[in-house]
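Coordinate analysis (summary)
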Amino acid sequence: MTLTASGAVLAQDNSVTLQLKWVTQGQFAGYYVAQAKGFYEEEGLNVEIKPGGPDIAPEQVIAGGGADVITTWMAPGLAARERGVPLVNIAQPFKQSGLLLTCLKEAGVETTDDFAGKTLGVWFFGNEYPFYAWMAKLGLSTEGGAEGVEVLKQAFNVDPLIQKQAACISTMTYNEYGQVLRAGLTPEELTVFNYRDEGVGMLEDGLYVMEDKLADPAFVEKMTKFVRASMKGWDYARSNAEEAAQIVVDNDMTGSMTVEDQLYQVSEVNKLTEGSTGVLDEADYRQTVDTLLSAVSPENPAITKEPEGAFSHVVTDGL
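Here goes a summary of the coordinates provided. Quick caveat, the model's predicted, so the values are computed rather than measured.

Concerning the overall build of the chain
From N to C terminus, the chain includes 11 helices and 12 strands. Its C-alpha atoms give the chain a radius of gyration of 20 Å, within 12% of the compact-globule value 20 Å for 319 residues. Overall, the chain is about 75 × 45 × 30 Å in size when its C-alpha atoms are taken along their principal axes. Every one of the 319 residues in the chain was classed for burial, and the buried ones make up 54%. Taking the intrachain contacts of the chain between residues at least 6 apart in sequence as the baseline, contacts between residues at least 24 apart amount to 77%. Accessible area of the chain: about 13,500 Å², with a carbon and sulfur share of 50%.

This is the structure we're talking about:
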């Protein structure tokens with residue numbers, strides 16, 4: 001509570017609007033669990049969780065005032081900052097990255113040396129930056145041809161691999177890779193490259209706010225409460241995966257995924273949040289930035305210079 005000059009008491013604003021990067025699914029289990037188990041309420045917060053989708057860019061939503069905090073990957077977050085949307089990473093629930101390139105062995109892909117001349121499916125809308133950084137590291141043109149790779153702008157499904165329109169497609173450990181297996185392909189028929197293992201892994205689902213908001217101590221305190229409750233939600237999801245999956249399903253108004261689908265997601269996402277306290281590791285930040293800067297090109301315009309002020313520990317220092 002705060003007092004105005006006239007002595008009237010104003011209720012402190014404890015509302016938080018969270019904009020997710022994608023649709024309601026196990027990728028965001030920690031937030032839904034924190035809401036369902038009352039962890040936000042215990043912190044005195046009223047949290048609204050807004051699902052994303054193919055037509056929703058969290059960076060644009062928060063820039064337009066439609067959210068207090070968003071989840072997004074660091075590469076598009078840094079790209080948005082360089083382009084004039086002053087986003088700041090305030091917490092990093094995901095310690096590991098889950099981005100994969102999943103390939104058909106029958107298409108002749110066993111190692112990265114086999115990429116040349118192949119068609120590779122790539123997600124865009126900010127998800128393409130790790131791919132272009134990787135191709136630059138390998139010295140492969142992304143303009144096609146026998147010595148380069150043909151880039152297929154992949155929708156958020158696995159159809160190009162199943163229908164053999166591409167030798168490889170983008171998948172996440174917790175989502176599309178499972179879809180590939182459920183479509184009938186076996187691990188033995190696939191060659192899977194993990195971006196992290198290839199030295200081009202980048203930080204994925206972090207929490208971002210607008211920079212000017214961090215000048216307000218009340219907002220910082222509110223975000224500290226939000227991050228603390230959210231990390232409690234993630235901890236609970238790791239210990240209670242089945243319950244967390246059911247909570248996600250209960251919040252999915254589309255009914256597009258079963259409890260089994262969500263349990264697969266939650267179980268895989270739990271591997272990515274394992275070991276995270278919510279505090280951004282500066283070495284992980286440095287790897288993401290260095291990888292992006294090592295591959296600056298017209299095809300990979302994530303960032304062109306060293307970011308300044310792109311993260312802050314002011315929120316997590318209060319955990």
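Quick notes on the nonpolar core
Counting 64 residues, the largest nonpolar core has Y31, I90, F115 and F226 as its most contacted members. Residue contributions to this core peak at nine residues, all from helix α8 (residues 217–239). Counting 24 residues, the second largest nonpolar core, distinct from the first, contains A67, L87, M210 and V289.

Considerations on the state of the cysteines
Taken as a whole and judged by the stated rule, the model has one disulfide. With its sulfur 2.2 Å from that of its partner, C103 forms a disulfide with C168. Here the disulfide of C103 and C168 is right-handed, its torsion about the S-S bond being about 110 degrees. Separated by 65 residues along the polypeptide, C103 in strand β7 (residues 99–104) and C168 in strand β10 (residues 168–172) bring together distant segments of the chain. A single burial state applies to C103 and to C168, both of which are buried.

Rules used in this analysis
- Residues numbered from 1 in each chain as written.
- Predicted model: local features only at pLDDT ≥ 70, side-chain atom pairs only at ≥ 80, totals over all residues.
- Heavy atoms only, no water.
- Helix = DSSP H or I, 4+ residues; strand = E, 2+ residues; numbered from the N terminus.
- Rg over C-alpha atoms; globule rule 2.2 N^0.38 Å.
- Buried < 20%, exposed > 50% of the residue type's maximum accessible area, 1.4 Å probe, protein only.
- Contact = heavy atoms within 4.5 Å.
- Areas by Shrake-Rupley, 256 points an atom, 1.4 Å probe, with all protein chains shown as cover.
- Core = buried A, V, L, I, M, F, W, Y, C linked by side-chain atoms within 4.5 Å.
- Disulfide = S-S within 2.5 Å.

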